[in-house]
Structure formats: C-alpha cells, structure tokens
Amino acid sequence: MIYGFWALALNLLTIAVLAFIVANGFISLTFWSIKNKIQRYTVSTRKSLLWLSVLSPWIIALSVTLLFSPLFQSGAMFVWLTELAHWHHPNIYYFLSWHSISLILFIGFSLTIAIRSLVVAYKNHYQIILLRTLATKKSENVFIIDSSIPTAFTGGLIKPSCFISTGLMEQLDSDDIEIIIQHELAHLHYADPLKKWFFSLLSSYFSPNVKKVLKSMMAITMEQAADSFFVKTQQQAHNVASTLVRFTKLAAKYSIHEQFKSELLVHFCRQSIEQRVLELLNDTQLKPFPMKVVLLTIILLAVISMTSVDSLHHAIETLFDH
C-alpha cells in the first residue's frame, strides 16, 4: 500500500475514472434521446453539441475530481461537500483493491485507443506524402491526382491538402470543379481531417452504437459546413446543390479505390447527399445554440456523477474488504 501524496493522487485518479464512466453513461442516454432533434439547430450549433457530447465526460470527470480533492473537501466554506460526497481514506492506496483494478483497466483501455489512433494517423501521414509526390500541383494546397475514378477529398492532419482526380475534371464542367475545389478548401480552412481524427478518438470511449452515430453525425455536419462556407446567396446554394447531385450520379458508377479509403480523408461525396441538399435549399429558421439548457445539463450531470461516485464507492466498500 501507498501513503501520502502518491496515495492521494492515485485515489483522485480512481475518482476521475469512476466519474468519467458514470458521466459517459448519462451522456450516452441523453444524446440518444435527443439525437433526432439535433437537426433542428444550425450547423455551427450541431458541431458544438457533438463536441460537447464527447468532451463532457472529461470535463465532468475533472470537475468531480477537483470537488473530491483536499482543495475543496478541507475548506471551511465547502464543508457541505463532505456531506454530499466524500472518499474514505484518501491518503491510503491499496494495490490489491478494486480501486487499483478499475484504474489499470481504464489506463489499458485508453492506451489501446491511443495506439490505434496513432497508427491510423501515422498511415494517413505517409499516404498524404505519397499522394502529394505523385500528384500535380494545381494551385496552393490543391493537387491533381491521375485517376480515372471521379473523386475529390482533403487529407493531412498537420498540413492538409486538397486532391481532385483527372477523372472528375474530365467529366464535370469548370463551374462544378470550382465549387468542388472551394468545398475542399473549406475543409482545409476548418482543419477537418485533424478534427475528425480527434473526434474519432474521443468517441471511441462510447458504446459502439453511440460511437457510430456520433461519428456519422459529425461527418455529415462537417460536409454541410463545407457546403455552405462560400455560399452567400440563394443562387449559390442552388449551384452547390446541383453540383452535389451531378457528382453523386457520376460517382455512383464507380467504387472508391482502396488507396483513397481512409477515415481521415474527407471526401466530397461520401456523406448523406439528401441531407446536404436539403440543408442548402432549406430557408426555414434553425435554432441557435441553447446555452442555458447546455449549462444546466452539464451542471446537473456533474452533480449526478459526484453523488453516484460516492454512492458507488459506499456500495462496493460494503461488498469488498480491501
């Protein structure tokens, strides 16, 4: 067993893990219950809500850990916290305990996720280097790849680049090509490949079903944001929508080449075209960011997580003698 500072640090890490698991569960249930309502909000709001969904377990875990720390538990003005939630023997840590097992399992799970994500990032990095080497530079950050398959995508985590195939340029007119290039440059402006990688990493902590929906919704939202980035008038929106439809009909005749299949390549024509066209042509007023609701929800989940950690700790203490 360990005493003193390191024992306190390990106990706080255990509290963080338990709070993260509890918060993750409640956020998953909350997200699943409102996922169909998110489309009622603006694209920027949807992005923010999705990011909050994957970041909230970490924010709540950190908040709960601070509330259990001596910084708050020992302060006279925070004495009410010890009645609401407290941790037994915080200055003693047992290696052969459920505390240690839960911490080791979470660290092991996190390392697995991190290694997988880094491997994907490493492969993508060299894939982009190879594509840049083989491609012809059209303009700054835009490259033409020699391929009969009509495709356009943006890739690269640190220095993203836009790629468009000769097969696409030969089969669409110059106006469509310009719209597609501007769309890909919007992905570059937003640094979407890097954000997509980081979002995928964070969503890996959720159950497979929730993870799948989170990633799908973020991918569609990124495409919608890029679709409308350079749209200033309704006529421009119609032009982008028309290009989407023409590209979809063209790409339907082909399958994406293996070398272009990567979750970190943001393709022009891979995500729900119907939703994207409707978003461009829709003139209804969408809802803004629900700041008050979000803040109240996060605070409520933090309180629930804190009390749940304490209750869970008491429950396990009654079952196991460590």
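Residues numbered from 1 in each chain as written. Predicted model: local features only at pLDDT ≥ 70, side-chain atom pairs only at ≥ 80, totals over all residues. Heavy atoms only, no water.

Participant: I'd love a proper account of unusual backbone geometry, names of residues and values included.
Facilitator: Phi at N141 takes a positive value of approximately 70°, unusual for a residue other than glycine. Tracing the backbone shows N141 in the loop between β3 (136-139) and β4 (142-145). Residue classification places N141 among the partly exposed positions, given a relative accessible area of 26%. Unlike most non-glycine residues, A191 shows phi in positive territory, near 55°. Along the chain, the position of A191 falls in the loop between α7 (174-190) and α8 (192-203). Judged by its relative accessible area of 27%, A191 is partly exposed. (Helix = DSSP H or I, 4+ residues; strand = E, 2+ residues; numbered from the N terminus. Buried < 20%, exposed > 50% of the residue type's maximum accessible area, 1.4 Å probe, protein only.)

Participant: Help me get a handle on the pattern of salt bridges, residues and values and all.
Facilitator: Applying the stated criterion to the full structure yields five salt bridges. With a closest N to O distance of 3.0 Å, R46 and E279 form a salt bridge. With R46 in helix α2 (residues 43-68) and E279 in helix α11 (residues 273-281), the pair connects residues that are 233 residues apart, well separated along the chain. Judged by relative accessible area, R46 falls into the buried class, the value being 1%. The shortest N-O distance in the salt bridge between R276 and E223 comes to 3.6 Å. One end of the pair, R276, is in helix α11; the other, E223, is in helix α9 (residues 208-227), and 53 residues separate them in sequence. Pair check on accessibility: R276 and E223 agree, each one buried. Within the structure, one salt-bridge network assembled from shared partners comprises E223, D227 and R276. (Salt bridge = Lys/Arg side-chain N within 4 Å of Asp/Glu carboxyl O.)

Participant: An account of the sheet that holds strand β6 (residues 161-165) is needed here, citing residue identities and associated values.
Facilitator: Across the sheet, five strands lie side by side as β3-β4-β6-β5-β7; this open sheet has mixed pairing. Each of the sheet's edge strands pairs with one partner strand only, and the pair in question is β3 and β7 (266-267). As paired elements, β4 and β6 share four bridges and run parallel to each other. Paired with I144 across the strands is I164, a residue of β6. (Pairing = 2+ DSSP bridges.)

Participant: Summarise the packing of aromatic side chains; cite the residues concerned and give the values.
Facilitator: All chains considered together, the criterion is met by 13 aromatic pairs. Each member of the aromatic cluster is reached from another via a ring pair, and the members are F20, W58, F106, F109 and Y205. Above the ring of Y190, the side-chain terminus of K47 is found at 4.1 Å from the ring centroid. (Phe/Tyr/Trp six-rings, centres within 6.5 Å; stacked < 30°, edge-to-face > 60°. Lys NZ or Arg CZ within 6 Å of the ring centre and 35° of its normal.)

Participant: For α9, give the residues involved together with the corresponding values.
Facilitator: Relative to the 28 Å expected for 20 residues at 1.5 Å per residue, α9 spans 28 Å between its end C-alpha atoms, a close match to the ideal helical length. Burial of α9 is extensive: 14 of the 20 residues sit out of reach of the surface. (Expected span 1.5 Å × (residues − 1).)

Participant: Which residues make up a nonpolar patch on the surface, and what are the values?
Facilitator: Taken together, the side chains of L55, W58, I59 and F198 define a hydrophobic patch exposed on the protein surface, amounting to about 320 Å² of accessible area. The greatest single-element share of the nonpolar patch, amounting to three residues, is contributed by α2. The partly exposed category is assigned to W58, whose relative accessible area is 33%. (Patch = residues over 30% accessible without salt bridge, like charges linked within 9 Å, V, L, I, M, F, W, Y side chains within 5 Å. Areas by Shrake-Rupley, 256 points an atom, 1.4 Å probe, with all protein chains shown as cover.)

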